[in-house]
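Structural description and commentary
As a plain string of letters, each chain reads:
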Amino acid sequence: MNRSIRKVAVLGSGIMGSRIACHFANIGVEVLLLDMVPKDTSEAEKSKGLTLEHPAVRNRIVNDSFQQTLKATPASLYSPTFASRVKLGNFDDNLADIKNYDWVIEVIVERLDIKKSLYEKVDALRKPGTLITSNTSGIPIHLMAEGRSEDFRKNFCGTHFFNPPRYLRLLEIIPTNDTDSGVVDFLMHYGDLFLGKTTVLCKDTPGFIANRLGIYAMVQTIRTAEEMGLTVDEVDKLTGPVVGRPKSGTYRLSDVVGLDTTVHVANNLYASGEGSDESRDAFLLPGVMQKLYDNKWLGDKTGQGFYKKIKDEKGKSVILALDFKTLEYQASGKVKFETLEGTKTIGDVSKRFAVLLAGKDKAGEFYRRTFADVFKYATFRIPEISDEIFRIDQAICAGFGWQVGLFETWDAIGVKNMVTIMEELGHKPASWVYDMIAGGHESFYRIQAGKKQYYDIPSQSYKVIPGQESFILLSNLSDGIVWKNAGANLYDIGDGILNLEFKSKMNTMGSEVIEGINKAISLAEKDFRGLVIGNESSEAFSAGANLAMLFMFAVEEEFDEIDLMIAQFQQTMMRARYSSIPVVTAPHTLALGGGCELNLHADKVVAHAETYMGLVEFGVGIIPAGGGTKEMALRCSDMYQAGDTELNILQTAFMNIAQAKVSTSANEARAMNYLQDKDQIVLNRSRLLAEAKQAAIELAENGYTQPKQRADIKVQGKAGMALFMAGIAQMRMANYITDHDAKIANKLAFVINGGDLSYAQNVTEQYLIELEREAFLSLCGERKTQERMQGLLNGGKPPRN
C-alpha cells in the first residue's frame, strides 16, 4: 500500500496526547485532537449560563489540555503559529471524523478495558487501511487488538513516543503477530525521515526496550546510592554529563518525570516479570523511593521530591536537596571526588569510562557496582526484548538522552576487563558474552570500511548496523581525514565533498578553527567541488568565538592584536561566502555569535530543527563583528519595499542583536532572518550531514559560480541612526538599560545604519565590515566590556553594569 500521511487524529489530549499533536503540527500535518465530553459543568460555566450541550463545555477538556501545553516550557511547537494546524473536538461529536484521517493515534488512560472500548468505536468508524497505533508505555500491544477486525489488526501497532516528543528522539515501534510487515516498514521509515526520530523496532514485552532498561538502571542506581550513603547531589554529579548523560542526572530526572510515573512503570515491570525476569525483585522500590512516594513528594508536580525550590530571605530562588537520613531539605553542597578530578582533561566521554571505573574512592566503587549490575541485566534481556545489541543502545540513547549506549560503554571500558569486574561483584553476564570472547571477538562493535558493525549473537559474527546508508558518521571515518590540527578535522566524505569538523571545547572558534576553515576552502577549491562545515557534537555546532585570547589582549590593551584577530575572522567569513566552491553549513543545538555569523555567510544552511541561533555578542559588551551586523543590514536591505516600512524592518534586526535574542528553533531562526528561504530544515539530526552533503553536490552540479561582493546594500544613514538613538536614550532614562548598554546600542545603531551618512544610500559590504571592526575595537577598550568577558569566562552570566 502506497501511504502518505496528510491528516492525523490523536485520541486523548493529556500531556502526551497534546504534545504528540503539536509535533505532528511541527511537520506540517493537519491534526485532529479529541478528548472526552465533561460529565458536569464547572462553576465558571454555570455562572455564564452554559449547559452541557454548549460547544465550549463539550470541548472544555481538550481546550484546557491543549492550552496548558501551549503555555508550557520548553515549547512543544517550533512556532506558535503552528497551533492553527490542530483542530480540537470531542469523542461524542467528532470521533466519526476519523474516517477522513490517515493515522489514528490513541493516547488515553493506561487501562486496557477503556482502550478496548474506544477501539471498538474506532474500528466501526475508520476507513480500511487507516493506521491505528497506541502510545501505551506498558500494556501489551497484542491484548489491545484482541476482538478487532482483521483490517484493524493488520494496521495496528504500538508507537511509543518519549516525553517531550519534540525533544526526545526515541520512537519505539512495537508490532503484534498480526501487524502487516508493510505497516512496520512504513512506520520505521516515516518516524525517521519525517518525525526526526530514532525509530527502534521492539518486541511486545513489558516496558519494551528503553523503559525496561532505563527504569531498571534508575531504580538500581538509587538503591546502590542508598546502600553507599551517597547524597542526592553526589549521585546527580556522578550520573550526569561526566558519563555523557543529561545534566538532570538521576534524582533530578525523577523529579522532572514525576516519581509516580517511575513507580508506576517499576510496579508494572515487577508484576509482569514473574517467571520471565531473573532480576524481577530489582523493580521493588528502594526505601527512599517508597518514603517519597508515600509522602506524595513526587517532584516538580507536587513542589518537592528529591529536590525542593524555595525563596531565600532576599527573594532569590534556592534549590535544596533531600537529606535521606533526616528527610529534611538542605542547601546543596559542592561535590568533589578524586576520580572525577582525573577526568577533567578528558574531552571524549568514551575515554573517561576506564578512568572512572578504576577510581579508588566512593565514586569508583559506585561506577563499578552500577555498571556491572546494568550490564548483566542487559545481557540477560537478549533475546527477550531484542535480538540485536544495537537496538538496545539506540533505544537507551534516544529515550534517555545518553551519548553512549550500554554496550558501547562496555566496549570503551574493555569487554574482558569489565567481565572480570562483574565476576568479582557477583554479576556474571549471560553465557553468550563468554561465547563471544571465546570466539576471539573482544568488542561488541567495530568499524570496517567506514561502517559500524555489531556482534550478532546467533551467527557469532559481525554484521553492519542497518540504515547507515542514510547517514554520515564522522566517527567512522578516521581513515578519511585529509588534514587536521588541534581544533579541527577535515574529512573526505566522498563524491568530491569535504567536511570540516570543529574539535574545540563547545566548538568555539579560535585560531585553530579559523585556520581549519581557510585550509578546508583552499583544499576544496584545488581538488574538490564542495565543502560542508558540520560536526556530531551533542553540545553545539559552535558557541561562538573563543573569548579567552580576546579578553587577554583587551586587558593588556593590545589593540593592534585585536584588530588583526578580528580582521582575520572577518576575512574568513567573507571567504566562506565568496569562495569558488559551494560552502554548506550544518548547524544544530547552539549556533551563537561567531557560530551564527559563519552560517550567515554560507551558500546554504542545512539546519537541524533544534537549532538555537543568535548574535549574542551584546551580552559581553561588544557587537557582532564577524560580518554579523553587516549581514543583517544586507538582509534588511534585500527586504525593503517602497514606503516607510524600512526602518521597521531594520529595527527588528537591531533589537534581535541588542537583546542577544536566540531562536528557540530553526523555524524561529528563519523568522528572525538568520535562515533564509533557500536554507533547509532537517528533522532527524542523524541525517543532517548527509543532507548537507547532498545540498553541496546539488549546488556544484547546478553550475555554482563564485559570487561577487555586494555593493548595493541600502543603509539609512543619519535619519535611521537618529531614530534608534532617541529610542536608546528613552530606554536609558527609564532605567531599562545601563549606561554601558546604551553605549553598545549606539555603536550598533551607528554600524547597522551605515555610519555618519547624510542620507539613505547604497554601500558595499567592505564598508560595513570596516565600521563593524572599528566599533568592536572601541568597545574592547571599555572596562565594563572586559568585566563582562571575564564574568563569562569564569562560568557565570555576564553582569549588566
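A short tour of the structure in this document, coming up.

Reading the values: rules and limits
- Residues numbered from 1 in each chain as written.
- Predicted model: local features only at pLDDT ≥ 70, side-chain atom pairs only at ≥ 80, totals over all residues.
- Heavy atoms only, no water.
- Helix = DSSP H or I, 4+ residues; strand = E, 2+ residues; numbered from the N terminus.
- Rg over C-alpha atoms; globule rule 2.2 N^0.38 Å.
- Buried < 20%, exposed > 50% of the residue type's maximum accessible area, 1.4 Å probe, protein only.
- Contact = heavy atoms within 4.5 Å.
- Areas by Shrake-Rupley, 256 points an atom, 1.4 Å probe, with all protein chains shown as cover.
- Polar contact = N/O pair within 3.5 Å; in protein donor to acceptor, adjacent residues only side chain to side chain.
- Salt bridge = Lys/Arg side-chain N within 4 Å of Asp/Glu carboxyl O.
- Pairing = 2+ DSSP bridges.
- Axes fitted to C-alpha atoms, helices over the stretch in contact; angles between N-to-C directions.
- Core = buried A, V, L, I, M, F, W, Y, C linked by side-chain atoms within 4.5 Å.
- Expected span 1.5 Å × (residues − 1).

Re the overall build of the protein chain
- Looking only at helices and strands, one finds 33 helices and 26 strands in the protein chain.
- In summary, the protein chain has a C-alpha radius of gyration of 28 Å against a globular reference of 28 Å for 801 residues, a match within 12%.
- With 801 residues in all, the protein chain has 54% of them scored as buried.
- Relative to all contacts within the protein chain whose residues are 6 or more apart in sequence, the contacts with residues 24 or more apart total 69%.
- When the accessible surface of the protein chain is split by element, carbon and sulfur atoms take 50% of a total near 34,300 Å².

Focus: the side chain of Lys-630
- With respect to the element layout, Lys-630 can be found in helix α26 (residues 628–639).
- Taking relative accessible area as the criterion, Lys-630 reaches 0% and is therefore assigned buried.
- Polar side-chain contacts of Lys-630 include one of 2.9 Å to the side chain of His-601.

A few points about the pattern of salt bridges
- For the structure shown, the criterion picks out 49 salt bridges.
- One salt bridge connects Glu-43 with Lys-46, and the closest N-O pair in it is separated by 3.8 Å. Of this pair, Glu-43 and Lys-46 both sit in helix α2 (residues 43–47), three residues apart, which is roughly one turn of that helix.
- Since its relative accessible area comes to 62%, Glu-43 is described here as exposed.
- As a salt-bridge pair, Glu-787 and Arg-783 come within 2.3 Å of each other at their nearest N and O atoms. Within this pair, Glu-787 and its partner Arg-783 are both found in helix α33 (residues 783–793), separated by four residues, close to a single helical turn.
- Within this structure, Arg-212, Asp-277, Glu-278, Arg-381 and Glu-384 form a network of salt bridges that share partners.

Focus: the sheet that holds strand β22 (residues 604–608)
- Pairing within the open sheet is mixed, and its seven strands lie in the order β15-β16-β17-β18-β20-β22-β24. Strands at the two margins of the open sheet, each flanked by one partner only, are β15 (481–485) and β24 (680–682). Adjacent strand axes in the sheet meet at a mean angle of 20 degrees, parallel and antiparallel pairs treated alike.
- Relative to strand β17 (residues 497–502), strand β16 (residues 488–492) is paired through five bridges, and the arrangement is antiparallel. Across the sheet, Asn-489 pairs through a bridge with Glu-501, a residue of β17.

Some remarks on the sheet that holds strand β1 (residues 7–11)
- What the eight strands build is an open sheet, ordered β3-β2-β1-β4-β5-β6-β7-β8; its pairing is mixed. Only two strands of the sheet have a single partner each, and these edge strands are β3 (86–90) and β8 (198–201). Averaged over neighbouring strand pairs, the angle between their axes works out to 25 degrees when direction is ignored.
- Strand direction decides the pairing type here: β1 and strand β2 (residues 30–35), joined by five bridges, are parallel. Note that in β2 the partner of Lys-7 across the bridge is Glu-30.
- Helix α9 (residues 181–193) contacts β4 (103–106), β5 (131–134), β6 (156–161), β7 (170–175) and β8 of the sheet and is inclined by roughly 155 degrees relative to β8.

With respect to the nonpolar core
- Judged by nonpolar contacts, the single largest core of 113 residues is most densely connected at Phe-306, Tyr-367, Phe-407, Trp-410, Met-418 and Trp-432.
- Counting residues per element, this core draws most heavily on helix α10 (residues 210–228), at ten residues.
- Leu-490, Phe-553, Ile-566 and Ala-666 belong to the second largest nonpolar core, which has 80 residues in total.

Focus on the side chain of Arg-126
- Structurally, Arg-126 can be placed in the loop between α6 (112–125) and β5.
- Side-chain polar atoms of Arg-126 contact the backbone oxygen of Thr-130, separated by 2.8 Å.
- If we skip the residues at most four places from it in the chain, Arg-126 touches Ile-98, Ile-132, Ser-149, Asp-151, Phe-152 and Asn-155.

Focus on helix α18 (residues 389–400)
- Taking 1.5 Å per residue, twelve residues should reach 16 Å; α18 reaches 17 Å between its end C-alpha atoms and fits that length.
- Of all the twelve residues making up α18, eleven are buried; the element is thus mostly covered by neighbouring parts of the structure.
- When we look at burial in α18, the residues that qualify are Ile-389, Phe-390, Arg-391, Ile-392, Asp-393, Ala-395, Ile-396, Cys-397, Ala-398, Gly-399 and Phe-400.
- Of the residues one or two after α18, Gly-401 is the one with positive phi, at around 75 degrees.

These values are about where atoms sit, not about what they do.
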